[in-house]
Amino acid sequence: MNVDEATFYDPYFFSLMPMGFCYPGKGISGDLPPRPECAPIWHPKILNNFKSIPLILLIGQFAQRYYLKKDYKDSLTKTVKCYKEFLPKYFPLPHPSPRNQNWAKINPWFMEETIPELRKRIKFATNL
């Protein structure tokens, strides 16, 4: 995101909200999906406390499917590649898990095009 650690952890600029608020457990190929009751109960209560929400990063397919609903493309890759369709409110991104390092290698457009746009929008939103 091209911000320093102090800025990233400053709640004036950034807030983190998981899809689920408890660990769902381990599955066959990673963690289980977030529990389905968490986001509908807690997200509106949290988001309603913000004075303004300039940009929401939808990290991973669970967040993208939940917030984009019918506008989610048929894969995370296609959804992230079409990020401009969801601006200015949402910016879909892959999960930064070590398991996804290969994804970035086989999708060089992500680092070449998407990340510079994300950095530009974050710089604008944080006025840094």
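Preceding this paragraph is the structure being described.
Here the structure is a predicted model, which is why all the values come from computation and not from measurement.

About the cut-offs
- Residues numbered from 1 in each chain as written.
- Predicted model: local features only at pLDDT ≥ 70, side-chain atom pairs only at ≥ 80, totals over all residues.
- Heavy atoms only, no water.
- Helix = DSSP H or I, 4+ residues; strand = E, 2+ residues; numbered from the N terminus.
- Rg over C-alpha atoms; globule rule 2.2 N^0.38 Å.
- Buried < 20%, exposed > 50% of the residue type's maximum accessible area, 1.4 Å probe, protein only.
- Contact = heavy atoms within 4.5 Å.
- Lys, Arg positive; Asp, Glu negative; His and termini not counted.
- Charge placed at Lys NZ, Arg CZ, Asp CG, Glu CD.
- Salt bridge = Lys/Arg side-chain N within 4 Å of Asp/Glu carboxyl O.
- Phe/Tyr/Trp six-rings, centres within 6.5 Å; stacked < 30°, edge-to-face > 60°.
- Lys NZ or Arg CZ within 6 Å of the ring centre and 35° of its normal.
- Patch = residues over 30% accessible without salt bridge, like charges linked within 9 Å, V, L, I, M, F, W, Y side chains within 5 Å.
- Areas by Shrake-Rupley, 256 points an atom, 1.4 Å probe, with all protein chains shown as cover.

**So, the overall build of the protein chain**
Moving on, step 1. Check the secondary structure of the protein chain and you find six helices and four strands.
Moving on, step 2. Relative to its length of 128 residues, the protein chain is compact, with a C-alpha radius of gyration of 15 Å against a globular reference of 14 Å.
Moving on, step 3. With the C-alpha coordinates of the protein chain rotated into their principal frame, the extents come out at 40 × 40 × 30 Å.
Moving on, step 4. Relative to its full complement of 128 residues, the protein chain shows a buried share of 30%.
Moving on, step 5. Pairs at least 24 residues apart make up 53% of the contacts formed inside the protein chain by residues separated by at least 6 positions.
Moving on, step 6. Looking at the protein chain, you have 18 positive and 11 negative side-chain charges, and the mean spots of the two groups are 4 Å apart.

**Things to note about the pattern of salt bridges**
Moving on, step 1. Within the structure shown, the criterion is met by seven salt bridges.
Moving on, step 2. Note that Lys 78 and Asp 74 form a salt bridge whose closest N and O atoms lie 3.2 Å from each other.
Moving on, step 3. On the basis of relative accessible area, Lys 78 is assigned to the partly exposed category, the value being 44%.
Moving on, step 4. On the basis of relative accessible area, Asp 74 is assigned to the exposed category, the value being 59%.
Moving on, step 5. With its nearest N and O atoms 3.3 Å apart, the salt bridge here joins Lys 120 to Glu 117. Of this pair, Lys 120 and Glu 117 both sit in helix 6 (residues 109–126), three residues apart, which is roughly one turn of the helix.

**A short note on the environment of Trp 103**
Moving on, step 1. Mapped onto the elements of the fold, Trp 103 is located in helix 5 (residues 101–106).
Moving on, step 2. By relative accessible area, which is 13% here, Trp 103 ends up buried.
Moving on, step 3. As a C-alpha pair, Trp 103 and Thr 77 span 26 residues in sequence and 8.7 Å in three-dimensional space.
Moving on, step 4. Excluding anything up to four places from it in sequence, Trp 103 contacts Leu 76, Thr 77, Val 80, Pro 94, Trp 109 and Phe 110.

**Brief notes about the packing of aromatic side chains**
Moving on, step 1. Under the defined criterion, the tally for this structure stands at nine aromatic pairs.
Moving on, step 2. Ring plane angle 80° and centroid distance 5.7 Å describe the contact between Trp 103 and Trp 109, whose orientation is recorded as edge-to-face.
Moving on, step 3. Of the residues examined, Trp 109 reaches a relative accessible area of 10% and is grouped as buried.
Moving on, step 4. Taken together, the aromatic side chains of Phe 8, Tyr 9 and Phe 14 make up a single cluster linked through ring pairs.
Moving on, step 5. If you follow Lys 45 out to its NZ or CZ, it ends over the ring of Trp 42, 5.0 Å from the centre.

**A look at a nonpolar patch on the surface**
Moving on, step 1. Judged by side-chain polarity, Phe 21, Ile 41 and Trp 42 come together as a nonpolar surface patch covering roughly 300 Å² of accessible area.
Moving on, step 2. Structurally, Ile 41 is set in helix 2 (residues 38–47).
Moving on, step 3. Given a relative accessible area of 40%, Ile 41 falls into the partly exposed group.

Take it as geometry only, folks, not as evidence of what the structure does.
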